[in-house]
Amino acid sequence: MPVPVVSVAQMRQWEQASWSAGRTEAAVIARVGACLAAWLRRHVPHNDRILILAGKGHNGDDARAALPHLQGRAVDLVEVRDPETALPDLERALARGPDWILDGLFGIGLNRPLAEPWCRLIERINQARSRIVSVDVPSGLDADTGRPWGATLRATCTLTLAAPKQGLLHPAAHTFTGRLEVIPDIGLVPCPIQSELCWTLPEDFLDWPPPRPVAAHKGTFGHLAIVAGSTGYHGAAVLAARAAQRARPGLITLITPASVYAVVASQLQAVMVHPWSAAHPLPGRYTALLFGPGLAAADLPAEIPATLARLWQEANVPIVVDASALDHVPRGPIPRDALRVLTPHPGEAARLLGTTTNEVQSNRVAAVRALSGQFGGAWIVLKGYQTLIGRQHGPIFVNPSGNPDLAQGGSGDVLAGYLAGLCAQPPLQGDPERLIRYAVWQHGAAADALSRRHPAWVVEDLVRTLGRVAPHRVASTARPATPTTPP
Ligand SMILES: NC(=O)C1=CN([C@@H]2O[C@H](COP(=O)(O)OP(=O)(O)OC[C@H]3O[C@@H](n4cnc5c(N)ncnc54)[C@H](O)[C@@H]3O)[C@@H](O)[C@H]2O)[C@H](O)CC1
Ligand SMILES: [K+]
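This structure is a prediction, so every number in the text was calculated from the model and none was measured. (Residues numbered from 1 in each chain as written. Chains lettered and ligands numbered in written order. Predicted model: local features only at pLDDT ≥ 70, side-chain atom pairs only at ≥ 80, totals over all residues. Heavy atoms only, no water.)

A.B. asks: An account of the packing of helix α7 (residues 234-247) against helix α13 (residues 411-423) is needed here, citing residue identities and associated values.
C.D. replies: Close contact between α7 and α13 brings their axes to 7 Å; oriented N to C, the two are set at 40°. Looking at the two axes, α7 sits oblique to α13. Judged by the sense of rotation from one axis to the other, the crossing of α7 with α13 is right-handed. Across the interface between the two elements, A236, L239, A240, A243, A244, R246 and A247 of α7 pack against D413, V414, G417, Y418, G421 and L422 of α13. Tallied by class, the residues present in the contact of α7 with α13 amount to 9 nonpolar, 2 polar and 2 charged. (Axes fitted to C-alpha atoms, helices over the stretch in contact; angles between N-to-C directions. Helix = DSSP H or I, 4+ residues; strand = E, 2+ residues; numbered from the N terminus. Parallel < 35°, antiparallel > 145°, perpendicular 65-115°, else oblique. Left-handed = near helix turned anticlockwise from the far one by under 90°. Contact = heavy atoms within 4.5 Å. Nonpolar A, V, L, I, M, F, W, Y, C, P; charged D, E, K, R; others polar.)

Now the structure itself:
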């Protein structure tokens, strides 16, 4: 289940509900310690030195509770109850050159500006070139607003407990949180809080996509039509088609302008390729349509935008629209039960909304709501760091996977193709919310798997890895998700 994004007050409410139901703080802290240690054992090379900084509140208790589970590792513990008296111990520990610091100085209990000695201590830790893993919140950050209370540790990774705190998702917080991960199960009662924003967990997909029926044949899994590519942009069509293959619909047909037909067709085998013709029956027998990647050249046949506009308003099969094709989607109502998905990046979202990229980025949730409102309640995938998925009403999901190595031309074409390949499959069409969340998560998780092995990967590698990352439970003792070796 995705977890809600919460305020500090809501987190306290959840905590209280747990204690009232008989859960104990001691048991929760012990479990948090075990989860933190499991994360460290998984990510920290065996000979690396770890420094645990334990503050005076429960955030410190959490960090301290990891210690018994790190036997056999080089670990120092420094208790920081007062910044001035702790300084000599801290300097001694830093002189030992810790590779990693587990930051348990302050969590959600920080509720006022930090005095000068605390700020100096925090800046001193930031200067020590260790990788910082923050427990719950980077120490010094206001977990509600995402702004520093004077000084804040700059974490490589923040392991937030039970649910992400709203301030951690604020753009101002990103340089302090580093990569944000959620440890969902710390032993509290089921979450009593509802929130507009929900955080997707890898374990949401442990049973998805469902197993294929033994007697299935290619007709079971639908037929995707992709309308993509144009002079100068033929590669986008090829990438989208190859990514769609990774989603494994029964059949894929790519329809591309005659000007690039030969070069596109020569790069694909299992995908059927046709030159664009207004006579080609759409939606015809297809079970989903993708319009977009590479439909950007000035000489694009005029019937393509017109066909998209007609199908968007009439066709009763799922339609995904990406990239330049977004400009041809008509505003207003869409057929009642037909799936419609738009996948803009912030620049495209700004163009559609008649605003600036900065405006979109400063309130991404509002941008999703506004776009969906304009386009008849369609699903919006607003790409970028922590991609958002949602509609005009209902929950908006934050995707946790992906990393800056995805910032390369073609990665959006790959997402659109993969997403459309899933949309085409009748056995998956009953749960569009999970389908879209899974496509976005898998795309980011494939990038993460590649980056763990080698950062210098290219989009063609992404296509090869897509669909191969197995979802896992966060902070379990199981191995992290890694792709299997491509055949
Ligand atoms: N939320 C949960 O369900 C659980 C959270 N856990 C962890 O506990 C912390 C919150 O613990 P708490 O003791 O309330 O607060 P902190 O550890 O963040 O420490 C606050 C500590 O510092 C004092 N303080 C506040 N502001 C300042 C300041 N500007 N200068 C100096 N001192 C300050 C405050 O008075 C307290 O003494 C949460 O983040 C989780 O890590 C548990 O795991 C249980 C479940
Ligand atoms: K912390």
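A.B. asks: Give me the coordination of the potassium ion (ligand 2): which residues, what numbers.
C.D. replies: Here the potassium ion (ligand 2) is held by N59 (OD1), D103 (O), F106 (O), V135 (O), V137 (O) and S139 (OG), and the distances to it run 2.6 to 3.0 Å. Its 6 donor atoms give the potassium ion (ligand 2) angles of 67 to 171° at the centre, a pattern that matches the irregular case. A relative accessible area of 0% places D103 in the buried class. Classification of S139 by relative accessible area gives buried; the value is 0%. (Donors = N, O, S within 2.8 Å, 3.2 Å for Na, K, Ca; no water. Tetrahedral: all angles 85-135°; square planar, octahedral: opposite > 155°, others 65-115°. Buried < 20%, exposed > 50% of the residue type's maximum accessible area, 1.4 Å probe, protein only.)

A.B. asks: So, unusual backbone geometry: which residues are in play, and what are the values?
C.D. replies: With glycine set apart, most residues show a phi of negative sign, and most peptide bonds adopt trans. A cis amide bond links W208 to the next residue, P209, at an omega of -5°. Among the secondary structure elements, P209 is positioned in the loop between β8 (197-199) and β9 (223-227). A cis amide bond links L282 to the next residue, P283, at an omega of 5°. Unusually for a residue other than glycine, R248 sits at a positive phi of about 60°. Mapped onto the elements, R248 comes out in the loop between α7 and β10 (251-256). The backbone of Q386 sits at a positive phi, close to 55°, despite the residue not being glycine.

A.B. asks: Give a description of the site of ligand 1 that names residues and reports values.
C.D. replies: Taken together, the neighbourhood of ligand 1 is formed by 23 residues, with R12, D62, G107, R112 and D136 sitting nearest. In the model, an oxygen atom of ligand 1 is placed 2.7 Å from a nitrogen or oxygen of the R12 side chain. Contacts to ligand 1 include P113, whose backbone N or O atom sits 3.2 Å from a nitrogen atom. For ligand 1, the accessible surface in isolation is 870 Å², of which the surrounding protein chains cover 87%. For the shell around ligand 1, the secondary-structure elements that each account for two or more residues are α1 (8-20), α2 (25-43) and α3 (58-64). Classifying every residue of the shell around ligand 1 by side-chain character gives 11 nonpolar, 6 polar and 6 charged. (Near = heavy atom within 4 Å. Polar contact = N/O pair within 3.5 Å; in protein donor to acceptor, adjacent residues only side chain to side chain. Areas by Shrake-Rupley, 256 points an atom, 1.4 Å probe, with all protein chains shown as cover.)

A.B. asks: Let's hear about the UniProt feature "binding site: AMP" (unreviewed entry) in the chain: which residues, and what values?
C.D. replies: If you check UniProt for "binding site: AMP" (unreviewed entry), the listed places come out as K383, G384, Y385, Q386, T387 and G412 in our numbering. A maximum C-alpha distance of 14.3 Å places the annotated residues, which cover 30 residues in sequence, within one compact spot. Structurally, Q386 is set in the loop between β15 (379-382) and β16 (388-390). Taking the relative accessible area as the measure of exposure, Q386 reaches 10% and is therefore buried. Mapped onto the elements of the fold, T387 is located in the loop between β15 and β16. If we skip the residues at most four places from it in the chain, T387 touches R364, V381, L382, F397, V398, N399 and V440. (UniProt positions renumbered as here; feature names shortened; annotations may be inferred.)

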